[in-house]
Amino acid sequence: PPAHIYVTGNTVIDALLFILERTKDQDVLPSELARLPPDRKIILVTAHRRENFGKGLENICIALRRIVQEAPEVEIVYPVHLNPNVRAVVLRLLAGIERVHLLDPLDYVAFVHLMARSYLILTDSGGIQEEAPTLKKPVLVLRNTTERPEVLEVGAARLVGTDPQKIVEETLRLLRNQKDYERMASAGNPFGDGQAAKRTVKSVVEFLSGD
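The paragraphs below set out a description of the structure included in this document. (Residues numbered from 1 in each chain as written. Predicted model: local features only at pLDDT ≥ 70, side-chain atom pairs only at ≥ 80, totals over all residues. Heavy atoms only, no water.)

### Some details on the pattern of salt bridges
Where we set the bar: Salt bridges are identified by distance alone: a Lys or Arg side-chain nitrogen within 4 Å of an Asp or Glu carboxyl oxygen. Starting at the N terminus, helices and strands are each numbered in turn, a helix being any DSSP run of H or I of at least four residues and a strand any DSSP run of E of at least two. A simple rule labels every residue: compare its accessible area, found with a 1.4 Å probe on the protein chains alone, to the largest value its type can have, and call it buried under 20%, exposed over 50%, or partly exposed in between.
In this structure the tally under the stated criterion is 15 salt bridges. A salt bridge links R87 to D104, with the nearest nitrogen and oxygen atoms 3.3 Å apart. Here R87 is found in helix α4 (residues 84-94), whereas its partner D104 is found in the loop between β3 (100-103) and α5 (108-117), with 17 residues between them in sequence. Across the pair E170 and R173 runs a salt bridge whose closest N-O atoms are separated by 3.1 Å. Remark: R173 and E170 occur in helix α8 (residues 164-176); sequence separation between them is three residues, near one turn of the helix. Of the residues examined, E170 reaches a relative accessible area of 11% and is grouped as buried.

So, in structure tokens, the structure goes:
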């Protein structure tokens, strides 16, 4: 019955804020990133979904090469998935490219801090689509569809697929159009506000007590 349905929000946002608060004074980023000048605009990239294997991932890498060529103010940071279908393509096309940093996968604490340090995120990850709006980071989704349409509806993310031209255009737009960037960054998070666990406990207690 509708009266027995409680909307609490997503506990992943609780976890995100929990990690940020309890590790804010810790040095958790790889030393390579700690050496980056603080005024650089970091573009965080993750791309590893099976649907992008092959040509899709190649196109993403081509777009990243063009972005660093056209935007000298950026540093691209890409923690590369261990799947050989991903690593082979990424290393072949991006290894040795100036201002492109290819890292091994990070633990969750370091990755959360990297998201917070980033200016913009390009990803095919569903989880990052949920987390990034809380950190006020615009997301360009490297897919043609997403199972999280809410993030598109509020304007915190945009679908760009794997077409290199579209990826480059939308990235440069956010780098150069401050109003557009701020509109996405301030869209808010439709998935939660960090209070989901408290609401869950409260709802369970009220349900069991008959209130």
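There's more to say after this.
### Here we look at the sheet that holds strand β4 (residues 120-123)
Which entries qualify depends on this criterion: Note on pairing: two strands pair once DSSP finds at least 2 bridges between them. What counts as an axis is a line fitted to C-alpha atoms, over the stretch in contact for a helix, and the angles between N-to-C directions run from 0 to 180 degrees. Any two residues whose heavy atoms approach within 4.5 Å at even a single point are treated as in contact.
Strand order in this open sheet of six strands is β3-β2-β1-β4-β5-β6, and the pairing throughout is parallel. On the outer flanks of this sheet lie β3 and β6 (157-159), each paired with one strand and no other. Taking the axes of each pair of neighbouring strands and ignoring which way they run, one obtains an average angle of 20 degrees across the sheet. Where strand β5 (residues 139-141) meets β6, three bridges bridge the pair, whose relative direction is parallel. Residue pairing for β6: V139 is matched across the bridge by A157. Lying over the sheet, helix α3 (residues 55-70) contacts β1 (41-46), β2 (74-79), β3 and β4, oriented at roughly 155 degrees with respect to β2. Here α5 sits on the sheet and contacts β1, β2 and β4; the angle it forms with β1, its principal contact strand, is near 135 degrees.

### A look at the packing of α3 against α4
Going by this rule: Angles are sorted into four bins: roughly parallel if under 35 degrees, roughly antiparallel if over 145, roughly perpendicular if 65 to 115, and oblique for all others. Each helix crossing is assigned a hand: it is left-handed if the near helix lies turned anticlockwise from the far helix by less than a right angle, otherwise right-handed if that turn is clockwise. Gly counts as polar in this scheme, as do all residues outside two lists: the nonpolar Ala, Val, Leu, Ile, Met, Phe, Trp, Tyr, Cys and Pro, and the charged Asp, Glu, Lys and Arg.
Two elements in contact, α3 and α4, have axes separated by 10 Å at closest approach and are oriented at 30 degrees. Classified by the interaxial angle, the pair formed by α3 and α4 is roughly parallel. Crossing of α3 against α4: the hand is right-handed. On α4, the residues that touch L57, E58, C61, L64 and R65 of α3 are N85, V86, V89, V90, R92, L93 and L94. Across the contact of α3 with α4, the residue classes tally to eight nonpolar, one polar and three charged.

### Details of unusual backbone geometry
Phi is positive for R99, close to 70 degrees, though the residue is something other than glycine. Counting through the fold element by element, R99 comes out in the loop between α4 and β3. Positive phi, normally seen in glycine, also occurs at K136, with a value near 60 degrees. In this structure, K136 sits in the loop between α6 (126-131) and β5. Judged by relative accessible area, K136 falls into the exposed class, the value being 52%.

### Observations concerning the packing of aromatic side chains
We count it as follows: Centres within 6.5 Å make a pair out of two Phe, Tyr or Trp rings, where for Trp the six-membered ring is used; the pair is then stacked when the planes are under 30 degrees apart, edge-to-face when over 60, and tilted otherwise. Ring-over charges, as used throughout, are those where CZ of Arg or NZ of Lys falls within 6 Å of the ring centre and within 35 degrees of the ring normal.
Tallied over the full model, the rule gives one aromatic pair. Taking 4.2 Å as the distance between ring centres and 10 degrees as the angle between the ring planes, the aromatic pair formed by Y119 and Y181 counts as stacked. Placement of the pair is Y119 in the loop between α5 and β4 and Y181 in helix α9 (residues 178-185), with a sequence separation of 62 residues. Comparing Y119 with Y181, the two get one shared label, buried. Across from the ring centre of Y119, 4.6 Å away, lies the NZ or CZ of K41, which sits over that ring.

### Let's talk about α9
The cut-off we apply is this: By arc we mean the arc of the directions from the helix axis to the C-beta atoms, nothing more.
Every buried residue of α9 is listed here: D180, Y181, M184 and A185. For α9, the arc enclosing every buried residue in end-on projection is 130 degrees, short of the 170-degree limit, so these residues lie on one face. Facing away from the buried side of α9 by more than 90 degrees, the exposed set consists of K179 and R183. Elements that come into contact with the buried residues of α9 comprise β5, β6 and α8.

### Brief notes about the packing of α3 against α8
Relative to each other, α3 and α8 sit at 35 degrees, their axes nearing to 8 Å. The two elements α3 and α8 cross, and the hand of that crossing is right-handed. Residue-level inspection shows N59, I60, I62, A63, R66, I67 and E70 of α3 in contact with α8, the latter providing P164, Q165, I167, V168, T171, L172 and R176. For the contact of α3 with α8, the class distribution of residues is eight nonpolar, three polar and three charged.

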